[in-house]
Amino acid sequence: MSHPGAPEPAQPLATTLRSLAEGVIASDIAGRITFINPAAERLTGWPAAEALGRALSDVFRISHPSGEIAELFRPRTSAPLPRGLLLTSRSGTLVPIEDSTSPIRDDDGSLSGLIILFRRRETPIHTPVGEPAPPRDGILESIADPLFCLDSQWRFTFANEPAARVFKSDRQALIGRVVWNKFPASLYRQHYQDFCQALLRKERRVFEMQDESTSLWHEASTYPFNDGLLVLLQDITGKKAAEEQASRMDRLESLGLLARGFAHDFNNLLTVLLGNLSLAQLRIPEDSPARNDLSAARTATSQAQGLVQNLLTFAKGGAPVRRPTPFGPFIEDFFAGHPRLSHITYRSAIDTGTGEAEIDAGQVRRLLANLMRNAEQALPLEKKGDILLRAFTRQQAAGESSANPKAVIEIIDNGEGIDAAHLDQLFEPYFTTRADANATGLGLTVCESIVKGHSGTIDIKSTRGEGTTVTVTLPALPERADLPALIAPPLVKNLGPRRILILEDEPLIRQLISANLATKGYQVTSTADGLQTIEKYRAALADDRPFDLVILDLSIPGGMGGAATMEQLRQLHPSVRAIVSSGYSDDALMSRYMDFGFRAVLPKPYEPHELVSLVAEVLED
């Protein structure tokens, strides 16, 4: 950035000036620019390649707020205070700035040029009120970042005002003091070697250091200077916070990949567990003590399912698989089955006459469970707690169309409440106000992800010591006109020799599906790969005995999966009836299954009665 053949600020000062956030321009005695740093390039709009060698007045065009042209240099007889000026950039934009100008002198003391330091002024330009600030001597005094010089014995020889503030000391009191007596002990342990290498090797070093007492981060740039060092500190606390956020997002992405990697296999195993536990319960007499053990095992399996889905929802967004669901009865069913704690009174005010909401029942059940758990954890054992669950449908609100009703859920507790300072952080990943080791800080993040996936809103109002109210609003379905009553098909119905073709790579699940459907009178053919499924379907069409229904697993490792198989089947038989099933419940196809020609969706894990009921429903359609 220097003009060939022209003097520029001496090293290492020139290197320091290039890294400053303030603009710096130097000129020779004839007024030609010999140096311009990147900050000055941005403020003036002149790149260094074009500015160097050009007249200073062409690049640094300044005026007073009144419009009067301002002088570039003021004699030393006037106080060199920073001035509030307007800089006309290359594009003609007026930039409010304040500047400070210092002379450059040669070895004989003769004036050889100027150096100007200026910065964008954030406050409006006006006439100063009150006593003026003390004059600053030299360009170093005008640098806004902490800057200080050390001799070979680590003693301060110079410190500007920002540096004095960092060390919480008067400037003059710092001179002659050893820097390590002013730095926290932790910085001495971590960075003494960095300073030593810069001093002994006479080389520039840049490193980051954190003051643990203030949680501030600085980037320290050290330059050899005489027999010591010139040190510039730049506050990078905001940058470190952004890096931490980016790192957190990277961890979340990695978590999503990990979750998706094992979710399919894990949900397959849970499907087998739930299926066999359900079958075992049906075969054991009602009065058998073993039924309680099986019931406990089913509950634990369902909880394991919830944990996997929490992870998927949190890490990948978990697109909901929505179905029209009677809203009030659904909430009432959840409330009736929610386990109670002895020190808490549970109350509900649920309007069971509400209409339907198009929701993913599994995800909304997890949403409710997380919110109830949060409310319970806010109630200490020594306090008589109270939790109220309200649910109703709001038909219309101010500014909303009556055709867009809202399903509203409120969970109200009389617990400890939340500090106002923490309310804005509640949905951040890993943030938690709990101190116990099991607190993950993921619960409300999962809740927010579920609500957003349903195009809803979640709001938390809380006052410390006065409890918390969580309000969830989800889109509800408009009330439908009265239709003739339909007789729902029985949950289990023998429809005779209806033919069903299955694509499932997991042998245990193939066996489970086949056994469940065969006991209801269905004729089942199973395959483990999409190509085999297509051949079976083509052969059945050729024999004029087409399958009545196809159940396709979405993901077949190493083979043709459900989506590609369905595309081929629709070419063979456009009216094919098919159900898609997968342990990847966050796959976009699962939430938009009808776009791909499927009649229904069955996320894993599922229980046998859910499979049989869905098959009967699709075959009746």
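In what follows, the structure referred to is the one given above.
Quick caveat: nothing in here was measured; it's all calculated off a predicted structure. Along each chain, numbering runs from 1 in the same order as the chain's sequence is written. The predicted origin of the model limits local features to residues at a pLDDT of at least 70 and limits the giving and counting of side-chain atom pairs to 80 or more, whereas totals for whole chains, interfaces and linings rest on all residues. Only heavy atoms go into the side-chain values, all of them from the structure, while hydrogens and water stay out.

### Examining the overall build of the protein chain
Item 1. A count of helices and strands for the protein chain gives 17 helices and 23 strands.
Item 2. By the convention used here, residues are in contact when the closest approach between their heavy atoms is within 4.5 Å. Considering only residue pairs separated by 6 or more positions, the protein chain has 59% of its internal contacts joining residues 24 or more positions apart.
Item 3. In the form shown here, the protein chain has an accessible surface area of approximately 31200 Å², with 52% of it arising from carbon and sulfur atoms. A run of DSSP states H or I qualifies as a helix once it reaches four residues; a run of E qualifies as a strand once it reaches two. Both are numbered from the N-terminal end. With residues, only the protein chains shown are counted as cover, and all accessible areas are computed by Shrake-Rupley using a 1.4 Å probe.

### Quick notes on the nonpolar core
Item 1. Counting 37 residues, the largest nonpolar core has Ile331, Leu371, Ile387, Leu389 and Val472 as the members making the most contacts within it.
Item 2. With 7 residues, the single largest contributor to this core is helix 11 (residues 361–377).
Item 3. The contact partners of Ile387, leaving out residues within four places of it in the chain, are Ile344, Thr345, Tyr346, Arg347, Met372, Ala375, Glu376, Leu379, Ile411, Ile412 and Asp413. Side-chain atoms within 4.5 Å link the members of a nonpolar core, which is a set of buried Ala, Val, Leu, Ile, Met, Phe, Trp, Tyr and Cys residues. Each residue's exposure class comes from its accessible area (1.4 Å probe, protein chains only) as a fraction of the maximum for that residue type: buried when under 20%, exposed when over 50%, partly exposed otherwise.

### Quick look at the pattern of salt bridges
Item 1. Any Lys or Arg side-chain nitrogen found within 4 Å of a carboxyl oxygen on Asp or Glu counts as a salt bridge. The full count for this structure, using the stated rule, is 21 salt bridges.
Item 2. Notably, a salt bridge pairs Lys604 with Asp553, separated by 3.4 Å at the nearest N-O pair. With a gap of 51 residues between them, Lys604 in the loop between strand 23 (600–603) and helix 17 (608–620) and Asp553 in strand 21 (residues 549–553) connect regions that are remote in the sequence. Of the two residues examined, Lys604 and Asp553, each falls in the buried class.

### A closer look at the sheet that holds strand 22 (residues 578–582)
Item 1. One open sheet holds the 5 strands; their spatial order is 20-19-21-22-23, and the pairing between them is parallel. The open sheet has two edge strands, strand 20 (523–527) and strand 23, and neither has a second partner. Mean inter-strand twist for the sheet, computed between neighbouring axes without regard to direction, equals 20 degrees.
Item 2. By the convention used here, strands pair only if DSSP detects at least 2 bridges between them. Pairing between strand 22 and strand 23: 4 bridges, direction parallel. Along strand 23, the bridge assignment pairs Ser582 with Pro603.
Item 3. Helix 15 (residues 562–572) rests against strand 19 (499–503), strand 21 and strand 22 of the sheet, and its axis sits at about 150 degrees to strand 21. Only C-alpha atoms enter the line fits that serve as axes; for helices the fit covers just the stretch in contact. Angles between N-to-C directions range over 0 to 180 degrees.

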